Amino acid sequence: MAASSAVRAADPVEADALHRLVLQSLEDDQAVEAVSIPLAGKTSIADHMVIASGRSTRQVASMATKLAEKIKAECGRIPRIEGLPAADWVLIDAGDVIVHLFRPEVRSFYNLERMWAFGDAPVAVAGAVAGATPGQA
């Protein structure tokens with residue numbers, strides 16, 4: 001995977017604010033099984049990778065569009081988006097946070113959580129996962 005083309009923040013506080021914005025947006029849009037994988041110290045492409053599912057291509061496309069608009073409005077960044085026309089797997093590169101939105105069947109096939117966790121369990125996002133406890137994000 002090539003290095004992120006979006007601008008990365010020099011300030012970790014800004015990266016954490018972007019991460020919280022992403023998680024909140026996905027929760028607001030009722031993303032399914034959202035997880036966050038910390039990448040800091042593992043790769044230089046981003047500090048966080050967030051993976052979530054939508055119930056349909058329409059929901060995946062809607063979540064991606066809304067998230068990109070929020071990132072632009074609240075963080076002043078223009079994220080790079082790939083896969084929006086088909087909306088089976090949409091990648092949103094916001095620099096410090098990379099977001100993968102899937103239809104459940106496509107997510108199961110690629111299993112990115114296992115590939116990127118490097119032996120660590122991904123962190124389930126509270127509210128987006130059945131049985132998750134608050135504060136896991």
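To start, this report covers the structure provided alongside it. (Residues numbered from 1 in each chain as written. Predicted model: local features only at pLDDT ≥ 70, side-chain atom pairs only at ≥ 80, totals over all residues. Heavy atoms only, no water.)

What follows covers the environment of Leu 84. Positionally, Leu 84 belongs in the loop between β3 (80-82) and β4 (89-93). Taking the C-alpha atoms as reference, Leu 84 lies 6.0 Å from Ala 61; in sequence the two are 23 residues apart. In this view, Leu 84 contacts Ala 61, Ala 64, Thr 65 and Val 90; residues no more than four positions away in its chain are not counted. (Helix = DSSP H or I, 4+ residues; strand = E, 2+ residues; numbered from the N terminus. Contact = heavy atoms within 4.5 Å.)

So, about the side chain of His 100. By the secondary structure assignment, His 100 is in strand β5 (residues 97-102). The residues contacting His 100, other than those within four sequence positions of it, are Met 49, Val 50, Ile 51, Ala 52, Trp 89, Val 90, Leu 91 and Leu 112.

Under the counting rule described, the total for this entry stands at eight salt bridges. The partner of Arg 80 in a salt bridge is Glu 82, with the nearest N and O atoms 2.8 Å apart. Relative accessible area serves as the criterion here: at 45%, Arg 80 is assigned to the partly exposed category. Judged by its relative accessible area of 35%, Glu 82 is partly exposed. Each of the salt bridges in this network shares a partner with another, and the network as a whole consists of Glu 14, Arg 77 and Asp 96. (Salt bridge = Lys/Arg side-chain N within 4 Å of Asp/Glu carboxyl O. Buried < 20%, exposed > 50% of the residue type's maximum accessible area, 1.4 Å probe, protein only.)

We now examine the packing of aromatic side chains. Enumeration over the complete set of coordinates arrives at three aromatic pairs. A centroid spacing of 4.9 Å and a plane angle of 35° characterise the contact between Trp 89 and Phe 102, whose relative ring orientation is tilted. Residue Trp 89 is located in strand β4, and its partner Phe 102 is located in strand β5; the two are separated by 13 residues in the primary sequence. Judged by relative accessible area, Phe 102 falls into the buried class, the value being 1%. Ring geometry for Phe 109 versus Tyr 110: centroids 4.9 Å apart, planes at 90°, classification edge-to-face. The rings of Trp 89, Phe 102, Phe 109 and Tyr 110 are connected pair by pair, giving a single aromatic cluster. (Phe/Tyr/Trp six-rings, centres within 6.5 Å; stacked < 30°, edge-to-face > 60°.)

The subject of this paragraph is the environment of Ile 81. By the element assignment, Ile 81 lies in strand β3. The exposure class of Ile 81 is partly exposed, given its relative accessible area of 32%. Sequence separation of Ile 81 and Val 99 is 18 residues, and the distance between their C-alpha atoms is 9.5 Å. Apart from residues no more than four positions distant in its own chain, Ile 81 is found in contact with Ala 68, Val 90, Leu 91 and Ile 92.

How two helices pack is summed up by the angle between their axes together with the distance between the axes. Their axes nearest at 10 Å, the elements helix α1 (residues 12-28) and helix α2 (residues 57-75) cross at an angle of 145°. Handedness of the crossing formed by α1 with α2: right-handed. Together, Leu 18, Leu 21, Val 22, Ser 25, Leu 26 and Asp 28 of α1 and Met 63, Leu 67, Lys 70, Ile 71, Glu 74 and Cys 75 of α2 make up the contact between the two elements. Of the residues in the contact of α1 with α2, the class split is eight nonpolar, one polar and three charged. (Axes fitted to C-alpha atoms, helices over the stretch in contact; angles between N-to-C directions. Left-handed = near helix turned anticlockwise from the far one by under 90°. Nonpolar A, V, L, I, M, F, W, Y, C, P; charged D, E, K, R; others polar.)

That's the geometry; what it means functionally is another story.
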